[in-house]
Amino acid sequence: MGGMNMKTIKTIIASALLLAGLSMTQSCLKDQHDYFDTKPTERMQKYLGDVKTLLTKPEHGWRMEYFIGNADGDYGGRNLAMEFGKDVDSVRVYSEEYGTSSFKSFYKLTTDDGPVLAFDTYNEIMHKYGTANSNYYEGKGGDYEFLIIAYDDKSITLKGKRSGKMCMMYPLEEPALDFATRMYNLTRDFKVSSFAGVLDGKDVSGELDLKNRQFTISEMFTAPDGQLDVKESFTQPYILTDNGVKFYEPLEFFGVSYTDMNFASADTTFTSAQNPALKLKGQIPLDWLPYDFFAGDYMFTYGDGAMSITLIPEVEGETYRAKGFSDDFDLIFDYDIIKGRIQLKFQLVCKPDTDEVVEYNKCYVCLLPWDVADGGSLWMNSDLGMDAVWQISSGTEKPLFNWKDNKAIRSFATDSFILYLYNPSPTADSAYGGEASEYKFKGGNSRLANLKTMKKK
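Reading the values: rules and limits
Residues numbered from 1 in each chain as written. Predicted model: local features only at pLDDT ≥ 70, side-chain atom pairs only at ≥ 80, totals over all residues. Heavy atoms only, no water. Helix = DSSP H or I, 4+ residues; strand = E, 2+ residues; numbered from the N terminus. Buried < 20%, exposed > 50% of the residue type's maximum accessible area, 1.4 Å probe, protein only. Contact = heavy atoms within 4.5 Å. Areas by Shrake-Rupley, 256 points an atom, 1.4 Å probe, with all protein chains shown as cover. Phe/Tyr/Trp six-rings, centres within 6.5 Å; stacked < 30°, edge-to-face > 60°. Lys NZ or Arg CZ within 6 Å of the ring centre and 35° of its normal. 1 Å grid on protein atoms, 1.4 Å probe; cavity = no way out; pocket = protein on both sides within 12 Å on 5 of 7 lines; lining within 4 Å. Points joined across faces, edges and corners; volume = space filled by probe spheres on them. Nonpolar A, V, L, I, M, F, W, Y, C, P; charged D, E, K, R; others polar. Polar contact = N/O pair within 3.5 Å; in protein donor to acceptor, adjacent residues only side chain to side chain. Pairing = 2+ DSSP bridges. Core = buried A, V, L, I, M, F, W, Y, C linked by side-chain atoms within 4.5 Å. Expected span 1.5 Å × (residues − 1). Arc of directions from axis to C-beta. Axes fitted to C-alpha atoms, helices over the stretch in contact; angles between N-to-C directions.

(A) Region of the structure containing the overall build of the chain. The helix and strand inventory of the chain stands at three helices and 33 strands. Expressed as a percentage of its 457 residues, the buried residues of the chain come to 42%. Counting only contacts in the chain whose residues sit at least 6 apart along the sequence, the fraction spanning at least 24 positions is 51%. As displayed, the chain offers around 24,300 Å² of accessible surface, 51% of which is attributable to carbon and sulfur atoms.

Next comes the structure, spelled out in structure tokens:
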């Protein structure tokens, strides 16, 4: 923030003098009257009572544009639907991420530096992003307590107490279940991860982070080597709508402020009422596959070995648990929604059916990316690993996937994995304790050299 200007300082001094004068005048009055007819506590109770009446008024409940984020990152918006109980302070919550599933809990209207709507008992949807976990020690900045900023019959404006994110609520015009189901299907059909076009004579391109709901558009220029490179980029969190995407705050570039963009799935193009000249062609990878596609049994091949494995959904839309690599541990496969692929990456291996890390000799056992082709180089990096790339010609009935380096780092190409010991102690002489030879894959080795294919049975 910049410093105050002289006009601001003069305004503050004038206000202070006015208040001082009022205070002196009031101290001399014998017959004082409150400006309001009621006390502050009574006015607050009436305010909260009016909000409660409003929450239970719509026939189908409310939809919420629920934006999340904190210092660790911005994670965009999610569509929620809420049915508030008329007789008790209960609420049933639906989400675009859960579809037909809903969770019932309780809420309260209270005061804490202002009127507050609090979901004060655990609700799997409302508390999902605000609860700490192994990957996000402070959660993802989700709120379950909101300051009520404003309300009327058409909307309620909320502000997350922790994140400061503004979240809007609107009366539903259809049953909450129908809304949540439609938005659930929309999130799975919306798989455009990049786009390109020409705007005002300038080349532009961009990408959508479908997982964290970030929309980035960039002005491009031709570099000396003839390749297009980024000149300037603009990013805004977004939430999906029936028409396309709506930005948390206006996305401004080339002198135009965009509040939203329409998306036509028939020709995968973005347009906007704010600029008729805008037309961005969306791109979908030919080998893109949805999360639900990957569950099932496979034959996994590598080097001179093979084994049967099973992929079981772990975290919806994010991970699978892979069983069959060993009786002593499971592996976790990540799902990359942008590529529409599953990945095997660096990880601390966990005991079967749990999140408990396997330990040996005061060290953790980890799956380490390995570059056999480059003399057996190893590198600990959570981004490194391999993609299972769908061989389109194999079809979808019994698809065949080829294992390829995920190209996370240009200087390192993963083609294999090895079980290694990792010492988490900050006083350890070395982070690594050598190969975890006490732990083996079913092939009888602690190494998975030269990954080849994975074919669905």
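There is more to say, and it comes next.
(B) Seen up close, the packing of aromatic side chains. As enumerated under the stated definition, the model contains 31 aromatic pairs in all. Note on phenylalanine 195 and phenylalanine 215: the rings are 5.1 Å apart at their centroids and 25 degrees apart in plane angle, and the pair reads as stacked. On the criterion of sequence distance, the pair formed by phenylalanine 195 in strand β11 (residues 194-199) and phenylalanine 215 in strand β13 (residues 214-222) is long-range, its members being 20 residues apart. Taken individually, phenylalanine 195 and phenylalanine 215 each receive the classification buried, so the pair is uniform in this respect. With a centroid separation of 5.7 Å and an interplanar angle of 80 degrees, the aromatic rings of tryptophan 379 and phenylalanine 412 are classed as edge-to-face. With tryptophan 379 in the loop between β27 (377-378) and β28 (385-390) and phenylalanine 412 in the loop between β29 (400-405) and β30 (416-422), the pair connects residues that are 33 residues apart, well separated along the chain. Phenylalanine 412 gets classed as buried once you look at its relative accessible area, which sits at 4%. Through successive ring pairs, a cluster of aromatic residues spans Tyr291, Phe293, Phe294, Tyr298, Tyr320, Tyr335 and Phe401. Sitting over the ring of phenylalanine 254, lysine 202 keeps its end group 4.5 Å from the ring centre. The ring of phenylalanine 293 is capped by lysine 456, whose NZ or CZ atom sits 5.0 Å from the centre of that ring.

(C) Looking closely at the layout of surface pockets. If you add up the space inside the second largest pocket, you get close to 300 Å³. Forming the walls of the second largest pocket are 16 residues, and the residues nearest its centre are Arg63, Phe179, Arg182, Thr241 and Asp242. Only β1 (62-70), β10 (166-171), α3 (176-189) and β14 (228-240) provide two or more residues apiece to the lining of the second largest pocket. Sorting elements by how many residues they give to the lining of the second largest pocket places α3 first, with three residues. Per-class residue counts for the lining of the second largest pocket are seven nonpolar, two polar and seven charged.

(D) Inspection of the side chain of glutamine 347 at higher detail. Tracing the sequence through the fold places glutamine 347 in strand β24 (residues 347-348). On the basis of relative accessibility, which here comes to 11%, the residue glutamine 347 falls in the buried class. Within the local environment of glutamine 347, its side chain forms a polar contact with the backbone nitrogen of isoleucine 332, the two atoms lying 2.8 Å apart. Ignoring any residue separated from it by four or fewer positions in sequence, one finds glutamine 347 in contact with Leu331, Ile332, Val365, Cys366 and Leu367.

(E) Focus on the pairing of strand β12 (residues 202-209). Bridging between β11 and β12 involves six bridges; their strand directions are antiparallel. Bridging from a neighbouring strand, valine 198 pairs with aspartate 203 of β12. Between the end of β11 and the start of β12, which pair antiparallel, lie two residues, with aspartate 200 showing a positive phi angle near 55 degrees. Judged from the six bridges that link them, β12 and β13 form a sheet pairing that is antiparallel. Directly across from glutamate 207, in β13, lies its bridge partner threonine 216.

(F) Structural view of the nonpolar core. Phe294, Phe300, Leu311, Phe325, Leu331, Phe333 and Met454 are the most contacted members of the largest nonpolar core, which totals 39 residues. Dropping the residues within four chain positions of it, methionine 454 is found in contact with Tyr298, Met299, Phe300, Ile309, Leu311, Phe333, Ile342, Ala388, Pro399, Leu400, Phe401 and Trp403.

(G) Expanded view of the environment of serine 233. Tracing the sequence through the fold places serine 233 in strand β14. In this structure serine 233 comes out as partly exposed when scored by relative accessible area, which is 41%. Considered as a pair, serine 233 and valine 204 are 29 residues apart in the sequence and their alpha carbons are 9.5 Å apart. Residues within four places of serine 233 in sequence aside, it is in contact with Thr216, Ile217 and Ser218. Of the polar contacts made by the side chain of serine 233, one reaches the side chain of serine 218; its length is 2.6 Å.

(H) Here's a closer look at the environment of proline 171. Along the chain, proline 171 falls in strand β10. With a relative accessible area of 26%, proline 171 lands in the partly exposed category.

(I) Structural view of helix α2 (residues 40-55). If you check α2, its first and last C-alpha atoms are 23 Å apart, about what 16 residues at 1.5 Å a residue would give, namely 22 Å. For α2, the set of buried residues is Leu48, Val51, Leu54 and Leu55. Angular distribution of buried residues about the axis of α2 spans 115 degrees; they occupy a single face of the element. α2 presents Gln45, Lys46 and Thr53 as exposed residues on the side facing more than 90 degrees away from its buried surface.

(J) Representation of empty space enclosed by the protein within the structure. A full pass over the atoms with the stated rule returns one cavity of 30 Å³ or more. In this structure, the largest cavity spans a volume of roughly 30 Å³. Along the walls of the largest cavity sit Tyr66, Arg78, Leu80, Ser95, Glu97, Tyr98, Ile125, Lys128 and Tyr129, which together make up its complete lining. Looking at the lining of the largest cavity, its residues break down into five nonpolar, one polar and three charged.

(K) The sheet that holds strand β5 (residues 108-111), seen in detail. Strand order in the open sheet formed by nine strands is β4-β3-β2-β1-β10-β9-β8-β6-β5, and the pairing between neighbours is antiparallel. Of all the strands in the sheet, just β4 (102-106) and β5 have a single pairing partner and so form its edges. Ignoring strand direction, the axes of neighbouring strands in this sheet form an average angle of 35 degrees. Two elements, strand β8 (residues 145-151) and strand β9 (residues 156-160), share five bridges in a ladder whose sense is antiparallel. Each residue of the ladder has a partner; that of isoleucine 148, found in β9, is leucine 158. Contacts between α2 and the sheet are confined to β1, β2 (73-84), β5, β6 (115-118), β8, β9 and β10, with β8 contributing the most and set at about 90 degrees to the helix. Lying over the sheet, α3 contacts β1, β2 and β3 (90-95), oriented at roughly 155 degrees with respect to β2.

So yeah, pure geometry; function would need other evidence.
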